[in-house]
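The lines below spell out each chain.
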Amino acid sequence: MQRTLPIVFLAALAAPTAWAGNDAAKEFQRNYVEKPNSWERIELIKSLDPSDKDQLDLLTDFVLARGEWFYREAAIDVLAGVHDEDVIKRLERLSKKEIVAEAVCLAFGKSGSKDRIPFLVEQLDNKKWKVKRAAAIALGQIPDKRGVEALISAWENEDMFMVWVHILESLERVTREKNLDTPEKWRGWWDAVKANWEPPTGEVDEESLGGGEINKTKVRGTNLDYRSRGKGLPLLVLPEYGYEKDYLETYLRELEDNNLILYMALPGANDFTDPPLKPEVAGLPYYPIDRIVEAFEGLHEQLVKDGKIEDKPFALMAHGMTCWIAMKFAEKHPRLVRKMILISPVSGNKAWGDGRDRTEAEGNKRGDIEMEHYAQSQLIENGAPRYKAADEREEYALQRKGHTLMFADHRDLEIGRILGPISEKIVDTPQGKARSVNFKAFRPMGGVLIPEFSLFKLNRTRTPTLIFYGPNSLRTSGDDCAAIQKHYGTAGVVTFKRSSRMPFIEENEEFVEKVNKFLGGKRRS
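Let me sum up the structure you'll find in this document. (Residues numbered from 1 in each chain as written. Predicted model: local features only at pLDDT ≥ 70, side-chain atom pairs only at ≥ 80, totals over all residues. Heavy atoms only, no water.)

### Here's the deal with helix α16 (residues 349–366)
With 18 residues, α16 extends 26 Å from end C-alpha to end C-alpha; this agrees with the ideal 26 Å at 1.5 Å per step. By the burial criterion, the buried members of α16 are Ala-351, Gly-353, Gly-355, Arg-356, Thr-359, Glu-360, Glu-362 and Gly-363. In this structure, the buried side of α16 is in contact with α17 (369–377) and α20 (478–488). Once α16 finishes, Gly-367 follows within two positions and takes phi at roughly 70°, a positive value. (Helix = DSSP H or I, 4+ residues; strand = E, 2+ residues; numbered from the N terminus. Expected span 1.5 Å × (residues − 1). Buried < 20%, exposed > 50% of the residue type's maximum accessible area, 1.4 Å probe, protein only. Contact = heavy atoms within 4.5 Å.)

Written out as structure tokens, the structure reads:
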């Protein structure tokens, strides 16, 4: 792979007059430009010595200030290992710059050092919201009374969702408390326990974090796994194909004031049990959209029978290619769909292929081989991908690039937090058990083929449908979104000018406002 770094960053590192550092710093610059692969550059970043002033300046002034999130994250890993108090004091002084302060907070959180808590508490009052977000996330990694008190106090004075949602999640992680969804509830709990409270010990049960009700059931021969949280009319939420639902659970929390949200994990190949999926092409089955639709109809029936919801229709929200499931559900069961929200949708295989082609062409234009190869890896020719990664390092780099393209600002460190670490699972597939190694954000689907689909071959429905589109996305297009809107003939297309495919993260305030207006809810005061 070659030239994955943004041009502005490469130019800064390559220019001989841009840096007057020592020999080690100059050697770093030379090697950095010459290295063809992103993982090699990450290793170079991790070799920098922050106790050397010139190398520390490279970390802060170049990598943190100009790099994509995965290069910035490598610098954060380096800074997390700093124990020299003189270097730490220098980092604190450098934190007058927002982009450095954000990274230093995250580095201090990764360090796990309780000595860093006073600095993090101070940053909760920073004027820049990204620094406050980073401080809140960091305090969630260092269980301590001071952190709990500071987080609650900060939330009592914080109106911005993009900050307080991370305060809430850090409080849940540190205390293991559930279902306390306002600062008033947290204050009441804390005042009652703080005199004798000690941080819980042992492994964190990641699945239980976030509260609500975790549900695992089988409906019409399909295993379903979802979390229900919130109050109001039911809103069934579907993540992007191949993704876990966690990212939605974080960023849709404010909608729970008006909706009982059912955060659905998309079933994998082995979740279709009665009957199991049959191999169709190259030993793989097609992903059965129709069976999922019928399972969701059965879920509605079961929830009504169990008294969990009233006998009223769902609202549906779907993201990316998973919008196909929502579209099919609305066609087959229109009486069960109150309203529908489609985020970064594609109308079918042709639109999906057009987006893939745009991604490959843009990668070629930029000289971004990771982008180009990522797009080529998604095109099956003669039963195999057009491009196959040479090894696991390259495979992870391509996964990372695909995830990064979901966002408009590739420097945003939240991209990496959502992606999470590499995890290994043993998954069931129609061919038997298999090892699946992925980033935490990805959901192993067990080896399935994307089926043929076109919205325009479905019967028209008058389902009230709102479409969210980010023009920075290569995978979706304004023309396709307009065609989807025309098919339904209601509501409209909302364009988020600063977004790619994650407007609920990238422009959350406007997103929540539009959804509440469409669904008839009010924003939390």
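### Thoughts on the environment of Thr-222
Locating Thr-222 in the fold gives a position in strand β2 (residues 222–230). A relative accessible area of 1% places Thr-222 in the buried class. Each C-alpha atom of the pair Thr-222 and Glu-294 lies 9.3 Å from the other, and the pair is 72 residues apart in sequence. Leaving out residues up to four positions away in the same chain, Thr-222 has contacts with Thr-217, Pro-267, Asp-271, Phe-272, Arg-291 and Ala-295.

### Quick notes on the nonpolar core
Ile-45, Leu-252, Met-317, Phe-468, Phe-504 and Phe-511 are the most contacted members of the largest nonpolar core, which totals 104 residues. In terms of nonpolar packing, the next biggest core, distinct from the first, is built from 49 residues, Leu-236, Leu-266, Ile-325 and Ala-326 among them. (Core = buried A, V, L, I, M, F, W, Y, C linked by side-chain atoms within 4.5 Å.)

### A look at the pairing of β2
Burial analysis of β2 places seven of its nine residues in the buried class, which makes it a mostly covered element. Alignment of strand β1 (residues 213–219) against β2, held across seven bridges, turns out to be antiparallel. Among the inter-strand pairings, Ile-214 is bridged to a residue of β2, identified as Arg-227. What sits between β1 and β2 in their antiparallel hairpin is a turn of two residues, with Arg-220 showing a positive phi close to 50°. Of the pairings in the sheet, the one linking β2 to strand β4 (residues 259–265) comprises six bridges and is antiparallel in character. Along β4, the bridge assignment pairs Arg-229 with Ile-261. (Pairing = 2+ DSSP bridges.)

### A short note on the side chain of Thr-461
Tracing the backbone through its elements, the reader meets Thr-461 in the loop between β10 (432–439) and β11 (465–469). By relative accessible area, Thr-461 is classed as buried at 10%. At 2.9 Å, the side chain of Thr-461 and the side chain of Thr-463 are in polar contact. For Thr-461, the contacting residues outside a window of four places in its chain are Ala-330, Glu-331, His-487 and Tyr-488. (Polar contact = N/O pair within 3.5 Å; in protein donor to acceptor, adjacent residues only side chain to side chain.)

### Section: the state of the cysteines
The final tally for this structure, using the stated rule, is zero disulfides. The thiol of Cys-323 is unpaired, and the distance to the nearest cysteine sulfur, on Cys-481, comes to 8.9 Å. Given a relative accessible area of 0%, Cys-481 falls into the buried group. (Disulfide = S-S within 2.5 Å.)

### Some words on unusual backbone geometry
Asp-274 connects to Pro-275 through a cis peptide bond whose omega is 0°. Looking at the secondary structure, you find Pro-275 in the loop between β4 and α14 (289–305). For Arg-176, which is not glycine, the phi dihedral falls at a positive 65°. With respect to the element layout, Arg-176 can be found in the loop between α11 (161–175) and α12 (183–193). Judged by relative accessible area, which is 26%, Arg-176 ranks as partly exposed.

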